[in-house]
Amino acid sequence: MIKLKTALTSLTLAGSIAAISAPAMARDTINIVGSSTVYPFATVVAERFGRNTDFPTPKLESTGSGGGLKLFCEGVGTQHPDITNASRRMKTSEFENCQANGVKEIIEVRIGADGIVIANSKDAEKLDLTLEQVFLALAKDVPNPDGGDELIANPYMKWSDIDSSLPDFEISVMGPPPTSGTRDAFVELAMESGCKQFDMIAQMEDENEDKFKSVCHSMREDGPFIEAGENDNLIVQRLAQDPETLGIFGYSFLMENSGQIQAASVNGVEPTPEAISSEDYPVARSLWFYVKKAHVGVVPGIPEYVAEFTSESTWGDNGYLVDVGLIPNPRNERMEIAKAVKELKPMTGNEL
Amino acid sequence: MTDQRSQAEIVRKSLKRRYRKERRFRLYGMLAIFIALASLVTLFADIISKGHTGFVKTTITLDVNLDSELMYLEDPTDADQRSMADFVAPIVAALQEQLPEVDGAGEKRELGRLLGTYAASEISDVLINNPELLDTTQTIEFLAHDRVSVYVKHAGNPRYSIKLSEQQQRWVDELLEKGVIDTSFNDVLFSRGDSREPANAGVLGAIVGSLLTMLVTLAISFPVGIAAAVYLEEFAPENKLTDFIEVNINNLAAVPSIIFGLLGLAVFIGLFGMPRSVPVVGGLVLALMTLPTIIISSRAAIKSVPPSIREAAEGVGASKMQVVLHHVIPLAMPGMLTGSIIGMAQALGETAPLLLIGMVAFIVDVPGGFFDSATVLPVQIYLWASSSEQGFVELASAAIMVLLTFMISMNALAIWLRKRLERRW
């Protein structure tokens, strides 16, 4: 018993000493963080890359676009990630943060597009919404329906209160949390455009941009808008159970679950791949990933992984990412990006 | 006399009411147990009904002619040639032999879609290992595509939508009849790491990750916890400081696990510069989390050793340390072990603290050591439950069943140890 105990204690001691003295160690696996929207695409590429090359399969963490860029910009060194995925473009503030932390050279890759759909159960009536209606249903403050120039707390509780052509049931919409890129994109693409339909708010954009942003970007907090987690699957399950609930998520989830849910048309446009790629569908966004150039040559396989991602058989019109739900960039754009990526051309910061 | 009689009267009168009360009280107890059991049964029934199909895989077994001309491959050992070779063609040709009516490039393409994503690399693996098999006919078992698998296992189930075209469904029906497509025990589930393709996904990576993490947790929390408990119970002087420590240990036991994750992120990754997503960091964090549980249960076990044993040992001249090491600890060991195993079982099911230290990640390769990226079983369940492919629904439930098996066996071990080693006085 004594021997066992001494052995265990010395093991513990050895363990903690090793722990304290562990330096930032060399690593042979690519570390990728970032958007939960890009995650399903990037994992497929990573797995193929691991199978078809001699490099180990990259490790992917789904942290959300904002969380991923924060980790990515924390510095250079193998304890920091090599690549981050984002479902929106890097913000200028994030680029500056990267620069300040010594992450000078960043390679930007636009991988394609994804549409955000507003969907409900197939058992329910198919909806045809306008962005104006979406804004009125989900914003925190809306223009007073009785006229006048003031904003009042959102009074609409039923869809039919907004427009008599809409169905007569309670507004109940499940959407992503603020850490999610889907939320950022939805707010910018749907809420802001809907918001601008009102003259009084549109005027505000020139006069007081902060106020304009806070009005257009604030989602209501009194119940009808339900913040779900990053787990889009959970939203789909809830929609299937409750035909009066609507959900907001990426197009790929609609495609995978087309048996259970259907998408509403927005401003009269159905979310088809063509409409999303051409941005005729109003709630479409581009997907990106960012590569830390300082890690190329330090962590093996980064250029090869990027090459796999940007090859025609991956992200092209008949590539395997299309099967997962990616809407490809137009061909000439793909060619340009692939060429820039091959040269490892870093961003200047002016393009943002 | 009259007084006594009236008292008896009062008792008799209230007797019925008291009996009723007692019956009600028992009924409440039984109701509580019934509710607990019913929810447990519902949970298990739901998981098993969803998950049992996860233990079945759908395979396509074909006699494939590894024709060098068809594959444009002369030398399978040459990597350049392999990268240009068409490994799908011989499989589609073999499928076509089974379904002679298939004709034309479009139909062939549709036929090829019945195969799993990695069918081609299965052929290339066979040829790399045995180059002499080129231009021979081999019986090879391929994994079917997730869509085929869903159709074979769940046709007619409204929870699943069938994504095969009607033509493909007819082909699958025909191949099923011929026995080319078949279902068997899903050994892939226990022999591979994660994958985005449900047919290729397994829990082995997560099981190994859990094992490595638990080893680190055990190596740290068990000796430290027992040493702390022995010192506090046997040697520590009773003063304000030990009181303060005691209160803190009890408080720590109630701290939400996510806080330990934040601590691990700040200290182990931030301060010590340890890598993200590795079992060592996960194990350290979980060790901190289980320490209070182990200390508290070990102290209770030490307390329950009767004073007569100590006194007898001291009476024959044993030193304090001899008393503790020779008598108290061996007698308290069953209780300590039980507490530790229950603490470990708790740690095994933990995800929240691991989220922050990066163990919630897509990791395909099975970890080979304490510093390899790894994930654990509950995290694997979480990841599969949030994947969009339909095949992962059953896999998530199957993984829950695997996790529950581990939990139940750990708890059973704790009970067995207690029964086996426990001594009553």
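Residues numbered from 1 in each chain as written. Chains lettered and ligands numbered in written order. Predicted model: local features only at pLDDT ≥ 70, side-chain atom pairs only at ≥ 80, totals over all residues.

Trainee: Honestly, the overall build of chain B in this entry has me stumped. Any pointers?
Mentor: The helix and strand tally for chain B stands at 18 helices and four strands. Against the globule reference of 22 Å for 425 residues, chain B gives a C-alpha radius of gyration of 31 Å, more extended than a compact globule. Projected onto its principal axes, the C-alpha positions of chain B cover 105 × 65 × 40 Å. Counting only residues that meet the buried cut, chain B has 40% of its 425 residues in that class. Put simply, 75% of the contacts in chain B that link residues at least 6 apart link residues at least 24 apart. (Helix = DSSP H or I, 4+ residues; strand = E, 2+ residues; numbered from the N terminus. Rg over C-alpha atoms; globule rule 2.2 N^0.38 Å. Buried ≥ 20, exposed ≤ 12 C-beta atoms within 10 Å, placed from the backbone. Contact = placed C-beta atoms within 7 Å.)

Trainee: Explain the overall build of chain A here, please?
Mentor: When helices and strands are counted, chain A shows 16 helices and 13 strands. Counting only C-alpha atoms, chain A reaches 80 × 60 × 45 Å along its principal axes. The proportion of buried residues among the 352 residues of chain A is 44%. Residue pairs at least 24 apart in sequence account for 72% of intrachain contacts in chain A once pairs closer than 6 positions are excluded.

Trainee: Explain the packing of helix α4 (residues 88-98) of chain B against helix α5 (residues 104-112) of chain B here, please?
Mentor: Working note: a packed helix pair is described by the angle between its axes plus the distance between those axes. Residue and element names in this part refer to chain B. Running from N to C, α4 and α5 point in directions that differ by 100°, and their axes come no closer than 10 Å. By the angle class used here, α4 and α5 are roughly perpendicular. Taking contact as the criterion, the partners of Val 88, Val 92, Leu 95 and Gln 96 in α4 are, on α5, Lys 108, Leu 111 and Gly 112. Residues of the contact of α4 with α5, tallied by class, amount to four nonpolar, two polar and one charged. (Axes fitted to C-alpha atoms, helices over the stretch in contact; angles between N-to-C directions. Parallel < 35°, antiparallel > 145°, perpendicular 65-115°, else oblique. Nonpolar A, V, L, I, M, F, W, Y, C, P; charged D, E, K, R; others polar.)

Trainee: Is there a simple way to think about the environment of Pro273(A) in this case?
Mentor: Residue position: Pro273(A) is located in helix α12 (residues 273-277). For Pro273(A) and Glu209(A), which are 64 residues apart along the polypeptide, the C-alpha to C-alpha distance reads 33 Å.

Trainee: Is there a simple way to explain the domain arrangement of chain A in this structure?
Mentor: One frequently used descriptor of interface size is the decrease in accessible area upon assembly of the parts. Residue and element names in this part refer to chain A. Domains assigned within chain A are domain 1 (26-113 + 286-342) and domain 2 (115-285). Relative placement of domain 1 and domain 2: their C-alpha centres are 29 Å apart. Tallying the contact residues gives 17 residues for domain 1 and 16 residues for domain 2. The biggest single contributor to the side of domain 1 that touches domain 2 is helix α3 (residues 65-72), with three residues. (Domains from an automatic or database assignment.)

Trainee: Can you help me understand the sheet that holds strand β3 (residues 181-185) of chain B in this one?
Mentor: Pairing between the strands of a sheet is mediated by backbone hydrogen bonds and can be parallel or antiparallel. Residue and element names in this part refer to chain B. If you trace the three strands from one edge of the open sheet to the other, you get β2-β1-β3, paired in antiparallel fashion. Strand pairing shows two members of the sheet lacking a second neighbour, β2 (137-143) and β3, which therefore form its edges. On average, adjacent strands in this sheet sit at an angle of 35° to one another, irrespective of strand direction. The pairing of strand β1 (residues 56-65) with β3 spans five bridges and is classified as antiparallel. By the bridge assignment for β3, Lys 57 is matched with Ser 184. Against the sheet, α4 contacts β1 and β2, and its axis sits at roughly 95° relative to β1. Contacting β1 and β3, helix α7 (residues 146-154) crosses the sheet at an angle of about 120° to β1. (Pairing = 2+ DSSP bridges.)

Trainee: Would you mind showing me how to read the nonpolar core here?
Mentor: Nonpolar side chains in soluble globular proteins tend to end up buried together. Of all hydrophobic cores here, the largest spans 153 residues; its most connected members are Ile118(A), Tyr290(A), Val281(B), Leu284(B), Leu377(B) and Ala399(B). Looking at this core, the element that brings in the most residues is helix α13 (residues 279-303) of chain B, giving 13 residues. Apart from residues no more than four positions distant in its own chain, Ile118(A) is found in contact with Leu129(A), Val134(A), Leu246(A), Ile248(A), Ala263(A), Ala264(A) and Val266(A). Of all hydrophobic cores here, the second largest spans 33 residues; its members include Leu114(B), Leu127(B), Tyr151(B) and Leu175(B). (Core = buried A, V, L, I, M, F, W, Y, C linked by C-beta atoms within 7 Å.)

Trainee: Help me out: how do you make sense of the domain arrangement of chain B in this one?
Mentor: All names here are of chain B. Domain parsing of chain B yields domain 1 (53-180) and domain 2 (204-421). A straight line from the C-alpha centre of domain 1 to that of domain 2 covers 46 Å. On the domain 2 side, the residues contacting the seven residues of domain 1 number seven residues. The residue makeup of the side of domain 1 that touches domain 2, split by class, is three nonpolar, three polar and one charged.

Trainee: Mind showing me how you'd approach the packing of helix α17 (residues 377-385) of chain B against helix α18 (residues 391-421) of chain B here?
Mentor: Residue and element names in this part refer to chain B. For the pair α17 and α18, the least separation of the axes is 8 Å and the interaxial angle reads 165°. Looking at the two axes, α17 sits roughly antiparallel to α18. Crossing geometry of α17 relative to α18 is assigned as left-handed. Where α17 approaches α18, its residues Leu 377, Pro 378, Gln 380, Ile 381, Trp 384 and Ala 385 are matched on the opposing element by Phe 392, Leu 395, Ala 396, Ala 399, Ile 400, Val 402 and Leu 403. A per-class count over the contact of α17 with α18 returns twelve nonpolar, one polar and no charged. (Left-handed = near helix turned anticlockwise from the far one by under 90°.)

Trainee: I keep staring at unusual backbone geometry and nothing clicks. Help me out?
Mentor: For residues other than glycine, phi is negative in most cases, and the peptide bonds are mostly trans. In this structure, Leu344(A) is a non-glycine residue whose phi angle is positive, near 55°. As for its placement among the helices and strands, Leu344(A) is situated in the segment after α16 (331-342). Assessed through the 14 C-beta atoms surrounding it within 10 Å, Leu344(A) is described here as partly exposed. The phi torsion at Tyr72(B) lies on the positive side, around 55°, for a residue other than glycine.

Trainee: Is there a simple way to think about the confidence of the model for chain A in this case?
Mentor: In low-pLDDT segments, the atomic positions of the prediction should not be examined closely. All names here are of chain A. Summing up the model confidence of chain A, the mean pLDDT is 84 and the portion of residues at 70 or higher is 91%. Element-level pLDDT for chain A is lowest in helix α1 (residues 2-21), with a mean of 51, against a maximum mean of 95 in strand β3 (residues 83-86). Counting contacts from residues 17-24, a segment whose pLDDT is below 50, to residues more than four positions away or on other chains yields 14 contacts. (pLDDT = per-residue confidence, 0-100.)

Trainee: Help me understand helix α8 (residues 166-178) of chain B, please; the structure alone is not making it clear to me.
Mentor: Count 3.6 residues to each turn of an α-helix, and residues three or four apart come out pointing the same way. All names here are of chain B. Taking 1.5 Å of rise per residue, 13 residues should cover 18 Å, and α8 covers 19 Å from first to last C-alpha, within 8% of that figure. Looking only at α8, the buried set comprises Gln 168, Trp 171, Val 172 and Leu 175. The buried residues of α8 occupy an angular sector of 100° when the element is viewed end-on, so they sit on one face. Exposed residues on α8 whose side chains face more than 90 degrees from its buried face are Glu 166 and Glu 177. For α8, the elements touching its buried residues are α4, α5, α7 and β3. Just downstream of α8, Gly 179 is the residue with a positive phi angle, here 85°. (Expected span 1.5 Å × (residues − 1). Arc of directions from axis to C-beta.)

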